[in-house]
Amino acid sequence: MSNKFIGQSIKRREDKRFITGKGRYTDDIVLPGMLHAHFVRSPYAHARVSSIDLDEAKAMPGVIAIYTGDDLADVNGVPCGWQVNFRDGEAMREPKHPMLIPTGSTAKHVGDAVAVVIAETKDIAIDAAELVMVEWEELPAVAAPADALLPDAPKVHEQFPDNKAFDWTFGNPIEEVDAAMEKAAHITELEFVNQRVVPNAMEPRAYIGSYDETFDKYTLYTSTQNPHLIRLLMCAFVLGIPEHKVRVVGPDVGGGFGSKIYHYTEEALVTWSSKQLGQPVKWTSDRSEAFLTDAHGRDHATKAEMGFDADGNILGLRIKTVANMGAYLSTFAPAVPTYLHGTLLQGLYTTPKINIDMTCVFTHTVAVDAYRGAGRPEATYLLERLMDLAALEMGRDPAELRFQNFIPPFDGVEQPGYQTQVALQYDSGNYEAVLKRGLEMLAYDDFRKEQAEAAKTNKILGVGFSTYVEACGIAPSAVVGSLGARAGLFESAQVRVQPTGKVSVFTGSHSHGQGHETTFVQVVADKLGIPMDDVDLVHGDSDTIAFGMGTYGSRSLAVGGSAIVKSIDKILEKGGKIAAHKLECAEGDLEYAEGKWTVKGTDKSISFGDVALTAYVPHIYPAGLEPGLDFSSFYDPANFTYPFGCHIAVVEVDKETGKVTLKRMIAVDDVGNVINPMIVDGQIHGGLAQGIGQALFEGTIYDENGQLTNGSYMDYCMPRADDLPMFETDRQVTPCPHNPLGVKGAGEAGAIGSTPAVVNAVIDALWSAGHKPKDILMPLTSERVWQAMN
Amino acid sequence: MQVEINVNGKARKAEVEDRTLLVYFLRDTLQLTGTHVGCDTSSCGACTVHLDGGAVKSCTLLAAQADGCSVTTIEGLAIQDTPTTMQLHPLQEGFKECHGLQCGYCTPGMIMTAADLLKRNPTPSEEEIRFALEGNICRCTGYHNIVKSIQWAATHTTKPEPNQQEEPIDADKHLFTNDVTTGEVVETH
Amino acid sequence: MITYPFDYKRASSIAEAVSMLAGGGKALSGGHSLIPSMKLRLNMPDTLVDVGRIPELKGISMDGDELVIGGGSTHAEIADSQLVKEKLSLFAEGAAHIGDPAVRNRGTIGGSLAHADPSADWPALVLAANATIVVTGSNGERSIPATDFFTGLFSTALHEDELITQVRVPVSAGSKSTYQKFAQPASRYALVGCAIVKQADGQVSVAFSGVSDTPFRDTDVEGNLNSGQEPGPVGRGQSIMSDNFASEKYRVHLASVYLQRALEAVA
């Protein structure tokens, strides 16, 4: 163990290839004989495929094959990885999600594929796809979740006429919550929509399927967050091909934010067709297609009530939500509004009674699944909007109201973890401290004076608070298994010490921007006391890495990093045996530091490199000990980890136009121990931008026919450089008590806390000028804010 | 039609369809895959390269329009000192130094846009930097560290010019294949 | 994304371009309006005539009291031109806010005007500045006042075989001008763009982009202002646009606010 790297802002080792244009993303890969696929997709949200005429398209020179759903009648659809049953015990409804819609059946969202054209070039495939003549019978469609429950709503799946995928309730019995609310002196009630957003990773999805007849082996290159999971789902559930005959590679991936977790139909289709044709098949989404086919996020319609006693203590929380699943159940979709959302409704508060009633519905839209934060941003938005609104309604200070209701500090070691009303037990937390620090950075008193002055002008000011806790480091397998997960959520790591003492680390955690190639190596180099240059990190290839559950839920370091530490412990234990033998002492007499084993109290030592060489050239070697120095480990966490923090937004609102300008964004986050502060800050920044994006800019707009009317970057607005200020960040460290690195996870925090802070700030600004809206629909476009004042 | 475009100091000749966009000429014909495609609407800037010294979106330009012109891509920004060593452009250094990238997909376009800015305005303010990045979308960084990276580059003086002209090479006689096992792009001729 | 196939021709003079266009086809200048719509397959010309390298279309100069801008001048060339900044700062100011730097490096004033996107910036600018659009076609050259140029949504007085060769703008001493733009947050086109030129004698011309499906001079507002009254409602008689970012009502309101801000800027 040394302390050279952990805690240092080491510059990223992966950067060189990206800044010189040498990154290798899936679409950059060209295989010999590679063909190109282009899909024929439904232009309607709901329409029956009456017939498909391929003649003209097939006649185009360069077209190799065209497949329709009829060619895939015997192939399964893509599966859902999480089962949440109805509260009355009825099994979750899982309609087949076919790769291509067969003739006679119905397309269920705009972009649902009916045929795929495979041609010598992408251009030919695109041109030929236009010649595929599909006769459609257009049917009525429903896009909004609440509309799907109306009695005469169009049916997404004929066999499920009420459009419900499942319903669910969680927390304290509703009678207890009702009784608590009866006693309330004040109830803050809010009906709102947590709107549907599009993840928009900058690299569109891309896949190459390749079948090698010589070895009877498939390779799938895929822009995924979890190659092994894709292999498992595709082999076992869709194509029925043996897993050991399939290699899945996730090369450089240009962002995911959740949208590249799921197993998509196109992955299975390029793999399947490469075998049919004996040639590799590539498909790269264009942006318009991405809007129609990537899984979206959020999309809840909620009514929430929070009851307070006369002193402002929270008495109860009662919630009714309808969540949109889209047309099919995507890989993790059922978990998002339920176990990743309902379980977080305690927030940072001592709320004694909580109940959520959730209905998850099918609509004629593309699937909704996890997007940065997944369920936790929705929970935080709900709680933190209620807190600021309650403060305004009761004439209380929003910070004071929080201090009053916070769970007191607990470290999870001396004091026990905090048992919530919604199943989770928080590991450690000090919530007051992050808010105090945030207020200090804001200079709260000064701000309120400035705000009072501004209220007299046309440029009014507002401040919004958000204090959050999240559950990440996903997750203990037994726990998630009991909650419906169909997979474990452990992680694997292999640490291979080469004979020369160089170290190869194989992790199942995929890096697509998070900087694993740097941070994981910082951990390994320090644990082994060797230079970072002696360590290489391998990720993203199912043939070289034992297994992996992938990167999402801010789990890479907490779960994947812990697996690496376990393997290092095994390396050092075995190395100690070899060292003791070489140094002719007892193992207990040795200590390991700075890359060598030393006999305590002497200058006798042996270096890590010498021990490694001995392990592979075992001439003088402990009897009965196996040669080699190479260990694999699987780490299954004992609990989730619970990062928390305080986000504060300051906005200026132009009273004449409604335009909101974000003036300041303050974030104080506690993500446990920090391996690389530079990278953690970067993760926070990115999360903040996405959270701010949801508050002010982003959101799908479907028309009454289920058409997405803003499916391009000309219409779907994401934050640009000139929309954002420099972020003001600080951190506090409350180590996670149950994993070896004491880390909690930083990937999603920014996106979880920031959205309600920004919306609260706009509401606060309007109240300061005498307007008293309870809610403004997100995103807070200029027009909506203007309407709230007029 | 046949085009001849000087790319990163090398004259590259190739037969392309009239409708070929410059970005696909670079990516598919020349295998210069550092220039990316992130949208269909000239909005995201991932495809930004320099045409005769100014930033352009190579997805909104025909290869035919660049015929006879000089193009610099991200691959041509650093100076290749020797076959094995290169001197990075200050912007490349700056992005690494200030953690101006995460997934790396928007990065080449960001760097090329920033290079165009610094050429016109060597000491931009934060506001000028943000304004200049109006046509480039990053989904990872929240732009905070991109702004800092550009400020870093503006205060570090060596600004190497792109590679100078070399002998013409015929792109279509210049073969590339992809190593199946490693996925590496190899120049075989 | 790839366009439909087409034939690419490059013209080296205005005369050659006109004769190529007469054979059918569409002029390609910077391509920043045309190519995106072709990639989305919303536009499918058989032939593109590249006019981007015609020397006669380049250049910015004074001709008497008129500023003459070659139709092939890029937004960046206009924004950066010392002559434009001096003689007609309205155009420099407006051009600097079109798209983004890469778009300004390629997109041209002629291309943008010919495309006639109602939310583009140039229409309001040329209307307020009383510019004349000079075009050349098989029947020779003609000059179209900007006020007659925009005839509807994406349509102009330009004939299919005509090319915009020059934009001529009268320059008068002592005038003040401004372009105030509320940008659509995603595309950065004008949700409302208000251009005003105020002559030394106080007479104003007022034009809007982004408000109506046809860019327009607001003669009612001008009449009111020029007779010393309040401006009155903006866009009377116009076909006001409505979209995801601004309803008709809000757009008209924004236009009034931006008119006010523009008036303050030239006060």
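Residues numbered from 1 in each chain as written. Chains lettered and ligands numbered in written order. Predicted model: local features only at pLDDT ≥ 70, side-chain atom pairs only at ≥ 80, totals over all residues. Heavy atoms only, no water.

Here's the deal with the overall build of chain C
What counts is decided by this rule: Labels follow the DSSP assignment, with helices taken as runs of H or I lasting at least four residues and strands as runs of E lasting at least two, numbered in each case from the N terminus. Values of the radius of gyration come from C-alpha atoms, whereas the globule rule sets the reference at 2.2 Å times the count of residues to the power 0.38. When a residue's accessible area, from a 1.4 Å probe over protein chains only, is under 20% of the maximum for its type it is buried; when over 50% it is exposed; and in between it is partly exposed.
A count of helical and extended segments in chain C gives 11 helices and 14 strands. Relative to a compact globule of 267 residues, whose C-alpha radius of gyration would be 18 Å, chain C shows 18 Å and is just as compact. For the C-alpha atoms alone, the extent of chain C along its principal axes is close to 55 × 45 × 35 Å. Looking at chain C residue by residue over its 267 residues, the buried ones come to 57%.

Some words on the domain arrangement of chain C
All names here are of chain C. Short version of the rule: Annotation comment: domain bounds sourced from an automatic or database domain assignment. Residue contacts are defined here by distance: any two heavy atoms, one from each residue, within 4.5 Å place the two residues in contact. Throughout, buried area stands for the accessible area (probe radius 1.4 Å) lost by two parts on being put together, summed over both. For salt bridges, the criterion is a side-chain nitrogen of Lys or Arg within 4 Å of an Asp or Glu carboxyl oxygen. We call two N or O atoms a polar contact when they sit within 3.5 Å, provided that within protein one can donate a hydrogen and the other can accept it, with sequence-adjacent residues counted only if both atoms are side-chain atoms. For this classification, the nonpolar set comprises Ala, Val, Leu, Ile, Met, Phe, Trp, Tyr, Cys and Pro, the charged set comprises Asp, Glu, Lys and Arg, and every other residue, Gly included, is treated as polar.
Looking at chain C, the domain boundaries give domain 1 (7–50), domain 2 (55–170) and domain 3 (176–266). The centre of domain 1, based on its C-alpha atoms, is set 18 Å off from the matching centre of domain 2. The interface is formed by 13 residues belonging to domain 1 together with 20 residues belonging to domain 2. Regarding the contact of domain 1 and domain 2, the summed buried area is about 1200 Å², with carbon and sulfur atoms giving 68% of it. Ranking the residues of domain 1 by area buried against domain 2 places Ile 14, Val 18 and His 32 at the top, with a combined share of 44%. The interface formed by domain 1 and domain 2 includes zero salt bridges. Our enumeration of links across domain 1 and domain 2 arrives at two residue pairs in polar contact (both at pLDDT 80 or more). In terms of residues, the side of domain 1 that touches domain 2 owes the most to one element, helix α1 (residues 14–22), which gives five residues. Partitioned by chemical class, the residues of the side of domain 1 that touches domain 2 number six nonpolar, seven polar and no charged.

Let's talk about the interface of chain A and chain C
Contacts between the two partners involve 24 residues from chain A and, on the opposite side, 24 residues from chain C. A combined buried area of about 2000 Å² lies between chain A and chain C, and 53% of that area is made up of carbon and sulfur atoms. The three residues of chain A that bury the most area against chain C are A:Met714, A:Glu783 and A:Trp786, which together make up 26% of that side's buried surface. Scanning the region where chain A abuts chain C turns up six salt bridges. Between A:Glu130 and C:Arg41 there is a salt bridge, with the nearest N and O atoms lying 3.2 Å from each other. For the pair chain A and chain C, the number of links is 15 residue pairs in polar contact (both at pLDDT 80 or more). Its residues placed into classes, the side of chain A that touches chain C shows seven nonpolar, five polar and 12 charged.

Comments concerning the pairing of strand β12 (residues 190–198) of chain C
All names here are of chain C. Note the cut-off: By the convention used here, strands pair only if DSSP detects at least 2 bridges between them.
In terms of burial, β12 is largely enclosed, as eight of its nine residues are buried. Following strand β11 (residues 176–183), the chain reverses through six residues before pairing antiparallel with β12; Arg 188 in that reversal takes a positive phi of roughly 70°. In this structure, β12 lies alongside strand β13 (residues 204–209), joined through six bridges in antiparallel fashion. In the sheet register, Ala 195 faces β13, and the bridge partner there is Ala 207. Counting the residues between successive antiparallel strands, the hairpin from β12 to β13 contains five residues, one of them, Gly 202, with a positive phi of roughly 95°.

Comments concerning a nonpolar patch on the surface
Filter applied, for reference: Each patch is built from salt-bridge-free residues with over 30% relative accessible area, joining like charges within 9 Å and nonpolar side chains (Val, Leu, Ile, Met, Phe, Trp, Tyr) within 5 Å. Values of accessible area rely on a 1.4 Å probe in the Shrake-Rupley scheme; residue burial ignores everything except the protein chains shown.
A grouping of A:Leu613, A:Tyr616 and A:Val617 is seen on the molecular surface, where their side chains present a nonpolar patch of about 230 Å² in accessible area. With respect to the helices and strands, the residue A:Tyr616 is situated in helix α16 (residues 608–616).

Here's the deal with the packing of helix α6 (residues 227–239) of chain A against helix α7 (residues 265–277) of chain A
Packed helices, taken two at a time, are described by the angle their axes make and the gap between the axes. Residues and elements named next belong to chain A. Applicable threshold: What counts as an axis is a line fitted to C-alpha atoms, over the stretch in contact for a helix, and the angles between N-to-C directions run from 0 to 180 degrees. The cut-offs work like this: below 35 degrees is roughly parallel, past 145 is roughly antiparallel, 65 to 115 is roughly perpendicular, and the gaps in between are oblique. Crossings are sorted by hand: turned counterclockwise from the far helix by less than a right angle, the near helix makes the crossing left-handed, and turned clockwise it makes it right-handed.
Where α6 contacts α7, the two axes come as close as 11 Å, and the packing angle between them is 70°. Looking at the two axes, α6 sits roughly perpendicular to α7. Viewed along their axes, α6 and α7 form a crossing whose handedness is right-handed. Taken together, the residues of α7 that come into contact with α6 (itself represented by Ile 230, Met 234, Val 238 and Leu 239) are Glu 267, Ala 268, Thr 271 and Trp 272. Considered class by class, the residues forming the contact of α6 with α7 number six nonpolar, one polar and one charged.

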